[in-house]
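In case you want the letters, here they are:
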Amino acid sequence: MKHPIFTGSGVAIVTPFHHESVDLPALGRLLNFQLEHGTDAIIVCGTTGEASTMTYRERMRAIEFCVEQVDGRVPVIAGSGSNNTEAALALSKDAELVGADGLLVVTPYYNKASQPGLIRHYACIADAVNIPLILYNVPSRTGVNIAPETYAELAKHPNINGVKEASGNLGNLQRTRNLCTGDFSIWSGNDDETVPICALGGVGVISVAANILPAEMHALVQLCLDNDFAAAGKLQLYLKDLCDALFCEVNPIPVKTAMNLLGMEAGSLRLPLYEPTETQTARIRETLIQYGLLQEA
């Protein structure tokens, strides 16, 4: 019987960059903020962490640093995906070596693998490590979607723990839930779908919004886990405007902008990501004011 790597709200933490390197002291402060406010897991070097713009050395150092700083207080899950299976395999092995508790492995982007290709890709990685994998399905960014029948096949592997589901397709999610065994865990990959996914048997969220509101995202999932979906629904609706503002441009442009407006030292973006327009920056600022996180100028 497989158990979820974590339940609750895991933060897809940003990577603070300083000039041409990762700002580790700033990352340490962000980690402390998360741990002080109830985050249930740290997910490092994912989409929100701009992993695709980081060198191999930078990714490994960021993962190792998170493991050291968190020191076992919550699970540290390392983004180790790539569109090159050999690269994903190497990243996954090295993340295990430096102490990551689990891996988040995005579908191979650009290549547009077939469903049998996805099965072989993930099996190669899962066979080579001794820590659990979370699949990551985000077709809007990768161009490939994991079918429910493919989930059912991958769920048989003892090292494949579940999926971060960010397709937005709740119909496919229901079919996945019916096809897969009960120990295949599902985490919401979209903040504004956390309650619906938990209502369908999900165990939590891997959250962008938690970079700013870790306590609220933790509380949201806890209400679901406590089967208080009436209260969870109210909190989900309350958070909707913030979630929308944090995705008014491609992630992580808005969340880094918001964090910097709040003085959280999220650092700069790396090209090809670029600063939001003045209009979008104003929207982000106004939303932070609306939620009482930022004072009006």
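In every chain, residue numbers begin from 1 and rise along the written sequence. Thresholds applied to this predicted model are a pLDDT of at least 70 for local features of residues and 80 or more for the giving and counting of side-chain atom pairs; totals over whole chains, interfaces and linings are not thresholded and use all residues. To get the side-chain values, all heavy atoms of the structure are used, and hydrogens and water are removed first.

Undergrad: What should I look at first to understand the overall build of the chain in this one?
TA: Counting its regular elements, the chain contains 12 helices and 10 strands. For the radius of gyration, the atom set is restricted to C-alpha positions; the globular benchmark scales as 2.2 Å times the number of residues to the power 0.38. Relative to the globule expectation of 19 Å for 297 residues, the C-alpha radius of gyration of the chain, 18 Å, shows essentially globular dimensions. Dimensions of the chain along its principal axes, counting C-alpha atoms only, are 55 × 45 × 35 Å. The burial tally for the chain puts 56% of its 297 residues in the buried class. By the convention used here, residues are in contact when the closest approach between their heavy atoms is within 4.5 Å. Counted over contacts in the chain with a minimum sequence separation of 6, partners at least 24 positions apart contribute 71%. With residues, only the protein chains shown are counted as cover, and all accessible areas are computed by Shrake-Rupley using a 1.4 Å probe. Summing over all exposed atoms, the chain offers an accessible surface of approximately 12,500 Å²; the carbon and sulfur share of this is 51%. Neither His nor the chain termini are counted; the positive set is Lys and Arg, and the negative set is Asp and Glu. Lysine's charge is taken at NZ, arginine's at CZ, aspartate's at CG and glutamate's at CD. For the chain, the distance from the average position of its 20 positive side-chain charges to the average position of its 32 negative side-chain charges is 5 Å. Secondary structure counts use DSSP, requiring at least four H or I residues in a row for a helix and at least two E residues in a row for a strand, with both numbered from the N terminus. Working definition: with a 1.4 Å probe on protein chains only, accessible area under 20% of the residue-type maximum means buried, over 50% means exposed, and in between means partly exposed.

Undergrad: Can you walk me through the environment of Asp192 in this structure?
TA: Examined against the element boundaries, Asp192 turns out to sit in the loop between strand S9 (185-188) and helix H8 (194-199). Along the primary structure Asp192 and Asn161 are separated by 31 residues, whereas in three dimensions their C-alpha atoms are 23 Å apart. Beyond its immediate sequence surroundings of up to four residues, Asp192 is in contact with Gln236, Lys240, Cys243 and Asp244. Only 2.9 Å separates the side chain of Asp192 from the side chain of Lys240, close enough to count as a polar contact. For the purposes of these results, a polar contact is taken to be a pair of N or O atoms within 3.5 Å, where, inside protein, one atom must be able to donate a hydrogen and its partner to accept one; residues adjacent in sequence count only when each atom of the pair is a side-chain atom.

Undergrad: What's the story with helix H9 (residues 214-225) in this structure? I'm lost.
TA: In an α-helix, one turn spans 3.6 residues; hence positions three or four apart end up facing the same way. One fewer than the residue count of a helix, multiplied by 1.5 Å, yields its expected span. Its 12 residues place the ends of H9 17 Å apart at the C-alpha level, agreeing with the 16 Å of an ideal helix rising 1.5 Å per residue. Of the positions making up H9, those classed as buried are Pro214, Met217, Leu220, Val221 and Cys224. All buried residues of H9 lie within an arc of 130 degrees about the axis, which places them on one face of the element. Buried-residue contacts for H9 involve strand S1 (8-12), helix H1 (24-36), H8, strand S10 (204-207) and helix H10 (229-245). One or two positions beyond H9, positive phi appears at Asn227, with a value near 65 degrees. The arc in question is the one traced by the directions running from the helix axis out to the C-beta atoms.

Undergrad: It is not clear to me how the nonpolar core should be interpreted in this structure. Could you clarify?
TA: A general feature of soluble globular proteins is that nonpolar side chains tend to end up buried together. Counting residues in each nonpolar core, the largest one holds 80 residues, and the members touching the most others are Leu135 and Phe184. In terms of residue count, helix H2 (residues 56-70) provides more of this core than any other element does, 7 residues in total. Leaving out residues up to four positions away in the same chain, Leu135 has contacts with Leu104, Val105, Tyr122, Ile146, Tyr151, Leu154, Ile160, Gly162, Val163, Lys164 and Phe184. In terms of nonpolar packing, the next biggest core, distinct from the first, is built from 15 residues, Ile5, Ala12, Val106 and Trp187 among them. Within this scheme, the nonpolar core is defined by two criteria: the residues are buried Ala, Val, Leu, Ile, Met, Phe, Trp, Tyr or Cys, and they are joined through side-chain atoms within 4.5 Å.

Treat this as a map of the structure, not an account of what it does.
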